[in-house]
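Each chain, letter by letter, is given below.
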Amino acid sequence: HPSAPSLMMNAHFASVGEDASTEEYEHGIQVIDEDKLFNGNLSTYLNVEKIIPAGFNYHVISVFGSQSTGKSTLLNYLFGTQFGVMSEQERRQTTKGIWMSKNKREEASRGMAENILVMDVEGTDGRERGEDQDFERKSALFALATSEVLIVNIWEHQVGLYQGANMGLLKTVFEVNLQLFVKDSKTMPRSLLFFVIRDHLGTTPLTNLQNTLIQDLSKLWSTISKPAGLENSRIEDYFDFAFVALPHKILQPEKFEQEVDKLGRRFKEGYTDPKKSGLLDEASLPIFLPQYHRRIPADGFPVYAEGIWDQIVNNKDLDLPTQQELLAQFRCDEISREVLIAFDEKVTPLEDTQAEDARSGKSSIIPELGAIMNAARTKVLKDFETNASRYHKGVYARKKAELEGKVDTRLKALFQKQLSAAHKSGVEAFSNAVSAAVKGGQKKGASYDFAQIVESEKQNALSKFEKEAQAILVEGAAWSTYKQELNLYQKELDQVSSRLRREEMRRLATRVERWVRSRLDESIGLEFNKLGSGRGGSGAPEHGDRPPSEKDLWDRVWTIFTATVEDAEKRFTDRARSFDASPEEVEVGLWRLRRKSWGVLRAKIEEEVMEGNILLKLRENFEDKFRYDELGVPRIWRPTDDIEGQYTKARESTITLIPLLCRFKLSKTSAPPPLDAWIGDAPASVSPADEEDLTPIGGVDDEEGKSLEEEMTILSDTKQADLLIRFKKTADGVYVEAKRSAIGGMTQ
Ligand code: GDP
Ligand code: MG
């Protein structure tokens, strides 16, 4: 058995020896053996006797006295214990070291206190150990440090023998008491010295014996050297006294048993003013007064006792307050570890889940997290309090704070990870919900209120987040707030909202552009179709109310275009305003719309002047001029007609259209339309993303190196020349046909 110097040696607390049977401890347990070794199984024994969970509800008493004065016998009678006693024949010392046993009497029926632990201490004037005064001192120290009541067992005939062995023992007790308790007089417990006078003949009344003993004790006290400042202290300052006399066990066995029985009933709890001290002189007064209790929680008793004994055998300064603090530290740590087991069982799987999520990039919300955290925290702190609060208050408070810190660090991590999961999934859900609502609105065809969708989904998202956060608040934990997280969440929702609004703006822009395209498709197509009718052409006579001239084709195109876009801009602005787009965003949107619309127009014109299309239009234009007279009546060619003259006139007239078509310019100024001014400068708030999908426009985007003239060139010179040749061929064909028909008409 190791005799380590501190309390922290054997964590044998509560290691319930399940195999330890009551029989094994029939005679109690030898706490200290004859070699002064402490028994490491004390906690097992106290577990078997169910003392460990008793808290402060237990009592320790010790018996002192000369050897073979019937101490063990008395204890066995009083408490039903089975301490070894000397047989009448052998006359040899039986009790060695210090034995302990729990009271075996029916406590309730006899009115005894619960959980009395009795220590039977080896006789002190030992015939066998005579030389060993050392053990007497050590056992007295041990008994005083642990016991509330010291029974001093003496023969009646020893009373008054001032020089006797008992006085030596008592002197030791007094000295040891001063050594132990005087240092810290505030926490100094009192002890009861309970004199049991054996073989009382009855001739001398107990009071007389009592007085003699008190005189002797006072005399003894006066001879003891006391620490400075305590020279005048009285013995009553530290001890209470009680006296009882018992008849001769062998001569008066029945009376003996009767008196022992009566005595046994005094081992109950009493309540007296702790400040009052002195004699418990009434034969029926209870013995266990609160001020005697050493205030070592039962579950700490084995460690405490071992630590005390360790200090004693190693002749170290036995400082009880320090011992109690050490005990408290040791036990609080142990209790902390124990209560954390249940906490771990609940919390570790949740931590694992979150760690797994972190690895896989998921962020799942743990259901019931709040309930689990609250329950686990409450339980761990409550369990700790229940078991540890009995120990040294300062140490307990410190260890409780330590435990709380440990627990809260982990709970806080769970809490915050859950919040961030709620944040992530909330933002995603918000974005999805808005998109879905927009899609739903689009399907129905009805115009949906984007701003309202965003607002109501944002409220949804916020209240959902708050609900999730509320659900995981941990009661009593100062860190358990989510204000900051809610702020962050709100901020991100706002960011997502503006992103969604931008997307919605794009969708709106696309819709408006589509509208512009279909409008231009029709109206511009119509203008180009008019080319097919030569009657509006330059060959027509000049008079009032004439149909639109081919010369102002581009003026009409520009007017239609700008009017259409203006219309579109209004639509765009109205709609964009409805979902709270900022003036800047609207400005950018309009700018983009104008540019894109120009692209649409440009593409439409491109389509109209595509080789086949424009050739067809020119042919129609020409044919109209050639084959119809000024009144619009089809000509029937006769051979005498000036077919050639008509042909040349019509052809030349149509040919003048080609250069006109090649350039987009206004008739009044002969210059390109003011596209650059009309589109306007890029708004200051335009972002690269806004410009990403834009096609450069000559004369507007200077850096492209393309001029407005070039932008307005509809057909290049080569194309123009090519078109002229093709047109002439087509016209020639028509002419030949006309010629043929004139001749054919004649032969008919
Ligand atoms: P211990 O050494 O003080 O524990 O003494 P024991 O209990 O072993 O008893 C020593 C002897 O004293 C035994 O032989 C007992 O029978 C005897 N004895 C016990 N009680 C009494 C008593 O009240 N009076 C007398 N005269 N003898 C007793
Ligand atoms: Mg004995």
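On a predicted model such as this, the values are computed, not experimentally measured, just so you know.

**Overview of the overall build of the protein**
1) Next: Looking only at helices and strands, the protein features 22 helices and 7 strands.
2) Next: Here the protein holds 748 residues, and the buried ones make up 49% of them.
3) Next: Long-range pairs, those at least 24 residues apart, make up 78% of the contacts in the protein between residues at least 6 apart in sequence.
4) Next: About 36700 Å² of surface is accessible on the protein, with carbon and sulfur atoms providing 51% of the total.

**Points about the packing of aromatic side chains**
Pairs of aromatic rings are described using the distance from one ring centre to the other and the angle between the two planes.
1) Next: Counting across every chain of the model gives 30 aromatic pairs.
2) Next: Here the aromatic rings of Trp221 and Tyr238 are separated by 5.6 Å at their centres, their planes lie at 40°, and the arrangement is tilted. Here Trp221, found in helix H6 (residues 206-223), pairs with Tyr238, found in the loop between H6 and strand E7 (239-245); they are 17 residues apart in sequence, far enough to count as distant.
3) Next: Among the aromatic side chains, those forming a connected cluster through ring pairs are Phe174, Phe195, Trp221, Tyr238, Phe239, Phe241 and Phe243.
4) Next: Stacked on the ring of Phe56, the Lys or Arg Arg295 has its end atom at 3.9 Å from the ring centre.

**Section: the nonpolar core**
1) Next: In terms of nonpolar packing, the biggest core is built from 183 residues, with Phe142, Phe174, Phe195, Phe528, Phe626, Phe664 and Leu675 touching the most fellow members.
2) Next: For this core, the element with the most residues is helix H13 (residues 483-529), which contributes 14 residues.
3) Next: Ile61, Phe79, Ala113 and Leu192 belong to the second-largest nonpolar core, a separate cluster that totals 27 residues.

**Things to note about a negative patch on the surface**
1) Next: Side chains of Asp676, Glu691, Asp702 and Glu703 sit close together on the surface and give a patch of like negative charge.
2) Next: By the secondary structure assignment, Glu703 is in the loop between helix H20 (688-691) and helix H21 (708-711).
3) Next: On the accessibility criterion, Glu703 (66% relative accessible area) is exposed.

**Focus on the pattern of salt bridges**
1) Next: By the definition in use, this model includes 49 salt bridges.
2) Next: Note that Arg234 is salt-bridged to Glu236, the shortest N-O span being 3.9 Å.
3) Next: Judged by relative accessible area, which is 47%, Arg234 ranks as partly exposed.
4) Next: A salt bridge links Asp494 to Lys458; its shortest N-O distance comes to 2.7 Å. Of the two residues, Asp494 sits in helix H13 while Lys458 sits in helix H12 (residues 450-471), which places them 36 residues apart along the sequence.
5) Next: Judged by relative accessible area, Lys458 falls into the buried class, the value being 13%.
6) Next: Linked by salt bridges that have partners in common, Asp521, Lys604, Glu607, Glu608 and Lys617 make up one network.

**What to know about the sheet that holds strand E4 (residues 116-121)**
1) Next: With mixed pairing, the 7 strands of this open sheet are ordered in space as E1-E3-E4-E2-E5-E6-E7. This sheet does not close on itself; its edge strands, each paired only once, are strand E1 (29-32) and E7. The average undirected angle you get between the axes of adjacent strands in this sheet is 25°.
2) Next: Where strand E6 (residues 191-198) lies against E7, 7 bridges are found, and the strand directions are parallel. Residue pairing in the sheet places Leu193 in a bridge with Phe241 of E7.
3) Next: Here H6 sits on the sheet and contacts strand E5 (149-155), E6 and E7; the angle it forms with E7, its principal contact strand, is near 145°.

**A closer look at unusual backbone geometry**
1) Next: In the Ramachandran plot, Lys50 falls in the positive-phi region, its phi being about 60° despite a non-glycine side chain.
2) Next: Relative to the elements of secondary structure, Lys50 occurs in the loop between helix H1 (42-48) and strand E2 (59-65).
3) Next: For Lys50, a relative accessible area of 62% puts it in the exposed group.
4) Next: Here the phi dihedral of Ser68 falls at roughly 55°; this positive angle occurs in a residue that is not glycine.

**Re the environment of His392**
1) Next: Inspection of the secondary structure puts His392 in the loop between helix H10 (369-388) and helix H11 (393-444).
2) Next: Taking the relative accessible area as the measure of exposure, His392 reaches 32% and is therefore partly exposed.
3) Next: Here the alpha-carbon distance between His392 and Arg295, two residues 97 residues apart in the chain, equals 9.4 Å.
4) Next: Those residues within four positions of His392 in sequence are excluded, and the remaining contacts are Gln324, Glu325 and Ala328.
5) Next: Engagement of the side chain of His392 in a polar contact is seen with the backbone nitrogen of Gly394, the distance being 3.3 Å.

**So, the confidence of the model for the protein**
Note: predicted coordinates in regions of low pLDDT should not be interpreted at a detailed level.
1) Next: Of the residues in the protein, 89% reach a pLDDT of 70 or more, and the chain-wide mean stands at 86.
2) Next: Every residue in residues 1-18 scores below 50 in pLDDT, and together they form 44 contacts with partners more than four places removed in sequence or on other chains.
3) Next: Across residues 536-546, confidence stays below pLDDT 50; counting only partners more than four residues off in sequence or on other chains, it has 12 contacts.

**Some words on the packing of helix H2 (residues 71-79) against helix H7 (residues 253-264)**
1) Next: The interhelical angle for the contact between H2 and H7, taken along N-to-C directions, is 65°, at an axis separation of 9 Å. When the axes of H2 and H7 are compared, the pair comes out roughly perpendicular. Relative to H7, H2 is oriented so that their crossing is right-handed. Residues Leu74, Tyr77 and Leu78 of H2 touch H7, and the partners they reach there are Phe256, Glu257, Val260, Leu263 and Gly264.
2) Next: Split into classes, the residues belonging to the contact of H2 with H7 amount to 6 nonpolar, 1 polar and 1 charged.

**Description of the packing of H10 against H11**
1) Next: Running from N to C, H10 and H11 cross one another at 175°; their axes reach a closest spacing of 11 Å. Comparing their axes, H11 and H10 come out roughly antiparallel. Packed against H10, whose contacting residues are Leu369, Met373, Arg377, Val380, Leu381, Phe384, Glu385 and Ala388, the element H11 presents Tyr396, Lys399, Lys400, Leu403, Glu404, Val407, Asp408, Leu411, Leu414, Phe415 and Gln418 at the interface.
2) Next: Residue classes in the contact of H10 with H11 are distributed as 12 nonpolar, 1 polar and 6 charged.

**Some points on the side chain of Arg595**
1) Next: Secondary-structure assignment places Arg595 in helix H15 (residues 583-608).
2) Next: Once you skip the residues sitting within four places of it in the chain, Arg595 turns out to touch Ile679, Leu694, Thr695, Pro696, Ile697, Val700 and Asp701.

**Observations regarding the pairing of E6**
1) Next: Counting buried positions over the 8 residues of E6 gives 8, a clear majority of the element.
2) Next: Covered by surrounding structure in E6 are Ser191, Leu193, Phe195 and Ile197 together with Leu192, Phe194, Val196 and Arg198, the residues of both alternating faces.
3) Next: For the crossover that starts at E6, traverses H6 and ends in the parallel E7, the hand is right-handed.

**Observations regarding the environment of Val339**
1) Next: Its place among the elements puts Val339 in helix H9 (residues 320-360).
2) Next: Along the primary structure Val339 and Leu381 are separated by 42 residues, whereas in three dimensions their C-alpha atoms are 8.2 Å apart.

Parameters at a glance
- Residues numbered from 1 in each chain as written.
- Chains lettered and ligands numbered in written order.
- Predicted model: local features only at pLDDT ≥ 70, side-chain atom pairs only at ≥ 80, totals over all residues.
- Heavy atoms only, no water.
- Helix = DSSP H or I, 4+ residues; strand = E, 2+ residues; numbered from the N terminus.
- Buried < 20%, exposed > 50% of the residue type's maximum accessible area, 1.4 Å probe, protein only.
- Contact = heavy atoms within 4.5 Å.
- Areas by Shrake-Rupley, 256 points an atom, 1.4 Å probe, with all protein chains shown as cover.
- Phe/Tyr/Trp six-rings, centres within 6.5 Å; stacked < 30°, edge-to-face > 60°.
- Lys NZ or Arg CZ within 6 Å of the ring centre and 35° of its normal.
- Core = buried A, V, L, I, M, F, W, Y, C linked by side-chain atoms within 4.5 Å.
- Patch = residues over 30% accessible without salt bridge, like charges linked within 9 Å, V, L, I, M, F, W, Y side chains within 5 Å.
- Salt bridge = Lys/Arg side-chain N within 4 Å of Asp/Glu carboxyl O.
- Lys, Arg positive; Asp, Glu negative; His and termini not counted.
- Charge placed at Lys NZ, Arg CZ, Asp CG, Glu CD.
- Pairing = 2+ DSSP bridges.
- Axes fitted to C-alpha atoms, helices over the stretch in contact; angles between N-to-C directions.
- Polar contact = N/O pair within 3.5 Å; in protein donor to acceptor, adjacent residues only side chain to side chain.
- pLDDT = per-residue confidence, 0-100.
- Parallel < 35°, antiparallel > 145°, perpendicular 65-115°, else oblique.
- Left-handed = near helix turned anticlockwise from the far one by under 90°.
- Nonpolar A, V, L, I, M, F, W, Y, C, P; charged D, E, K, R; others polar.
- Right-handed = clockwise from strand over helix to strand, strands pointing away.

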